[in-house]
Amino acid sequence: MALPERVQSIYQDVIKRNPGEAEFHQAVKEVLECLGPVLVKYPEFAEAKVIERICEPERQTIFRVPWQDDRGQVQINRGFRVQFNSALGPYKGGLRFHPSVYLGIIKFLGFEQIFKNSLTGLPIGGAKGGSDFDPKGKSDNEVMRFCQSFMIELWRIIGEHTDVPAGDIGVGAREIGFLFGQYKRLTSKFEAGVLTGKGLVYGGSQVRTEATGYGCTYFVEEMLKAKGNGFMGKKAVVSGSGNVAIYTLEKIHQLGGKVVAMSDSHGVVVDEDGFNLETVKQLKEVDRRRIKDYCDIHKQAKYIDGGNIWDVPCDVAMPSATQNEISGNDARTLVKNGCIAVGEGANMPTTPDGVQVFLAAGVLFGPGKAANAGGVATSALEMQQNAGRDAWGFEETDAKLHQIMKNVYQHCSDAAEEFGSPGNLVVGANIGGFIKVARAMIAHGLV
Ligand code: GLU
């Protein structure tokens, strides 16, 4: 899609000011492509240079993270926290620990987070952080030493009213526990609201673990419902086998669908009977093993080493692994095989080419910044509980998540309609997320 003329130079400037950060450029371009009609309706946004300001993070911190492995060897990683936008509330967004992490990845994620968090309707700004540390294959003690060293730098810039990190790829309950323990020790404060995704015994929220996968499934159910359809009897393919994928599997099965393929970075498992949730949970959450081992327990399942999950025919595709995992060709294969809906559980998992293929084919497409907003929304519910020194039950919290996802869907759908692209939820999510942040930024003056 071509960029509207009035944002072309903004985009060129972003490329020049942020060299080599391809994922960040991609995320910015997708938002800018949608904003032409917004500037026509709200010329004051252009005058106040809101777009230029939104593309520039408010603050970026990069730090050294030295730690010792179990053999006593010194290891050095790099830590990041990009505090992108605080117009709507304290900075909020996860930490990603993965060897591919560099500034461009954190900035793309932080940028997406601004609009996603706005769409939740809750008072949270946008941020992201992480490290090129790889938790895979590390012992619990190594992960603890790394997290403690990471927090020795991070604690200065976070706080319940300042910046509230959580998990993302490579950061789950174990890592959040170690990070929280070190923050508590460094500050001598039990400041529960400083991190979300905490364990239930020390201030965590019910449903936070399940939230991204459940939320994404609720979102896709809304898209299907609008067409008089639903998950009942549908065949789904869920890429990845981490937190988002596991709870997407659980919710799809609860809604009467069947997940027939899952994956990890090594290969794909196909189980035409539908995946066994308990086995996947045990393998991935408890034993930290590869998805391939699923086939040792369920003999009917097949493992395809190095396979492409998007070759597996399905009605609904739920990309829940990582960025740019669905290429234009993968999208064409999915369309050819009869896929009618896509829900992005991961952040930016579909390439720009792939998005165009889905939209042109009339596939119902739920972009990540809307469809996967349930995770951070439930983080904001965790903050509410912490602030009120309260703890809600599972059903109550799940009902709130469900309602939030319905609202996010409606908000995107209405914005798409209002700005001349009915049914295009990419346009709806970008515009819907942007306008609220822009209004707040204008209200705050030139800051
Ligand atoms: N990492 C998640 C996301 O991409 C959740 C962030 C959070 O809970 O703060 O939205």
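Throughout this description, residue numbers start from 1 for each chain and increase along the sequence as written. Only residues with pLDDT of at least 70 are given local features in this predicted model, and only at 80 or more are side-chain atom pairs given and counted; all residues enter the totals for whole chains, interfaces and linings. Side-chain measures were taken over the full set of non-hydrogen atoms in the model, leaving aside hydrogen atoms and water.

Trainee: Go over the confidence of the model for the protein chain with me, naming the residues and quoting the values.
Mentor: pLDDT measures the predictor's confidence residue by residue and takes values from 0 up to 100. On average, residues of the protein chain carry a pLDDT of 97, and 100% of them reach 70 or more. For the protein chain, helix 1 (residues 5-17) is the element with the lowest average pLDDT, namely 93, and strand 5 (residues 163-166) is the one with the highest, namely 99. To qualify as a helix, a DSSP run of H or I must reach at least 4 residues; to qualify as a strand, a run of E must reach at least 2; elements of each kind are numbered from the N terminus.

Trainee: I'd like to hear about the sheet that holds strand 2 (residues 74-85), residue by residue, with values.
Mentor: The pairing criterion is simple: DSSP has to find at least two bridges between the two strands. Taken together, 5 strands build an open sheet; the order of strands is 1-2-4-3-5 and the sheet is mixed. In the strand order of this sheet, the two ends are held by strand 1 (59-68) and strand 5, each with one partner. Taking each pair of neighbouring strands and ignoring which way they run, the sheet shows an average axis angle of 20 degrees. Looking at chain direction, strand 3 (residues 91-97) and strand 4 (residues 126-131) are connected through 3 bridges and run parallel. What sits directly across from phenylalanine 97, in strand 4, is serine 131. Any pair of residues with heavy atoms lying within 4.5 Å of one another is described as a contacting pair. Between the N-to-C directions of two axes lies an angle of 0 to 180 degrees, each axis being a line fitted to C-alpha atoms and, for a helix, fitted only over the stretch in contact. The strands that helix 6 (residues 103-119) touches are strand 1, strand 2, strand 3 and strand 4; relative to strand 4, the one it contacts most, it runs at about 150 degrees.

Trainee: Hey, could you go over the site of the ligand for me, with residue numbers and the actual values?
Mentor: Any residue with a non-hydrogen atom lying within 4 Å of a molecule or strand is treated as near it. Neighbouring the ligand are 14 residues, the closest being Lys92, Lys116, Gly167, Asp168 and Ser379. Polar contacts here mean pairs of N or O atoms no more than 3.5 Å apart (in protein, one a potential hydrogen donor and the other a potential acceptor; neighbouring residues in sequence count only if both atoms are side-chain atoms). At 2.6 Å from an oxygen atom of the ligand is found a side-chain nitrogen or oxygen belonging to serine 379. Where accessible areas are quoted, they stem from the Shrake-Rupley method and a 1.4 Å probe; at the residue level, only the protein chains shown are allowed to cover. Burial of the ligand by the protein chains amounts to 95% of its free accessible area of 290 Å². Within the residue set of the shell around the ligand, elements represented by two or more residues are strand 3, helix 6 and helix 16 (374-387). A per-class count over the shell around the ligand returns 2 nonpolar, 7 polar and 5 charged. Classification used: nonpolar for Ala, Val, Leu, Ile, Met, Phe, Trp, Tyr, Cys and Pro, charged for Asp, Glu, Lys and Arg, polar for all others including Gly.

Trainee: Which residues make up the environment of arginine 332, and what are the values?
Mentor: Positionally, arginine 332 belongs in helix 13 (residues 328-336). Exposed residues in this analysis have more than 50% of their type's maximum accessible area, buried residues have under 20%, and partly exposed residues fall in between, with area computed by a 1.4 Å probe over protein chains only. Of the residues examined, arginine 332 reaches a relative accessible area of 45% and is grouped as partly exposed. Note: C-alpha distance between arginine 332 and alanine 236 (96 residues apart in sequence) is 17 Å.

Trainee: Residues and numbers for the side chain of lysine 116, please.
Mentor: With respect to the helices, strands and loops of the structure, lysine 116 is situated in helix 6. Neither His nor the chain ends is counted toward charge; the positive residues are Lys and Arg and the negative residues Asp and Glu. When a carboxyl oxygen of Asp or Glu is within 4 Å of a side-chain nitrogen of Lys or Arg, the pair counts as a salt bridge. Buried and unpaired, lysine 116 has aspartate 168 as its nearest opposite-charge partner, separated by 6.3 Å. A distance of 2.8 Å separates a polar atom in the side chain of lysine 116 from a polar atom in the side chain of asparagine 372. Every residue in contact with lysine 116, bar those within four places of it in the chain, is listed here: Asn347, Gly368, Lys369, Asn372, Ala373 and Val376.

Trainee: Just give me the short version of unusual backbone geometry, but keep the residues and values in it.
Mentor: Trans peptide bonds make up most of the peptide bonds, and negative phi angles are found at most residues other than glycine. Positive phi, close to 55 degrees, is recorded for serine 188, a residue that is not glycine. Serine 188 gets classed as exposed once you look at its relative accessible area, which sits at 67%. Despite not being glycine, asparagine 324 has its phi angle at roughly 55 degrees, a positive value. The residue asparagine 324 is located in the loop between strand 10 (316-318) and helix 13 in this model. When its relative accessible area of 31% is taken as the criterion, asparagine 324 is described as partly exposed.

Trainee: Explain the nonpolar core to me, and be specific about the residues and the numbers.
Mentor: What we call a nonpolar core is a set of buried Ala, Val, Leu, Ile, Met, Phe, Trp, Tyr and Cys residues that are connected through their side-chain atoms within 4.5 Å. Residues Leu32, Val38, Ile51, Phe111 and Phe434 are the most contacted members of the largest nonpolar core, which totals 65 residues. Apart from residues no more than four positions distant in its own chain, isoleucine 51 is found in contact with Val7, Ile10, Leu32, Leu35, Leu39 and Phe434. Formed by 52 residues, the second largest nonpolar core is a distinct cluster that contains Leu119, Ala341, Ala370 and Cys412.

Trainee: Please provide a residue-by-residue account of the packing of helix 17 (residues 394-418) against helix 18 (residues 425-443), values included.
Mentor: Taken N-terminus to C-terminus, the directions of helix 17 and helix 18 make an angle of 100 degrees; their axes are 7 Å apart at the nearest point. When the axes of helix 17 and helix 18 are compared, the pair comes out roughly perpendicular. Mapping the contact onto sequence places Tyr409, His411, Cys412, Ser413, Ala415 and Ala416 in helix 17 and Leu425, Gly428, Ala429 and Gly432 in helix 18. Looking at the contact of helix 17 with helix 18 residue by residue, the class counts come to 6 nonpolar, 4 polar and no charged. Relative orientations are named as follows: roughly parallel for angles under 35 degrees, roughly antiparallel for angles over 145 degrees, roughly perpendicular for angles from 65 to 115 degrees, and oblique for any other angle.

Trainee: So what's going on with empty space enclosed by the protein? Residues and values would help.
Mentor: Think of a ball as big as a water molecule: rolled over the atoms, this probe shows where empty space is left. Think of a 1 Å grid over just the protein atoms. A cavity is a set of points where a 1.4 Å probe fits yet cannot get out, a pocket is an open set with protein on both sides within 12 Å along at least five of seven lines, and lining residues have an atom within 4 Å of a point. Grid points are joined across faces, edges and corners, and a volume is the space filled by probe spheres set on the points. Within the structure shown, the criterion is met by 1 cavity of 30 Å³ or more. Here the largest cavity defines a volume of roughly 70 Å³. Lining the largest cavity, in full, are Glu30, Glu112, Glu344, Met348, Thr350, Val355, Phe365, Pro367, Gly368 and Lys369. Considering only residue class, the lining of the largest cavity consists of 4 nonpolar, 2 polar and 4 charged.

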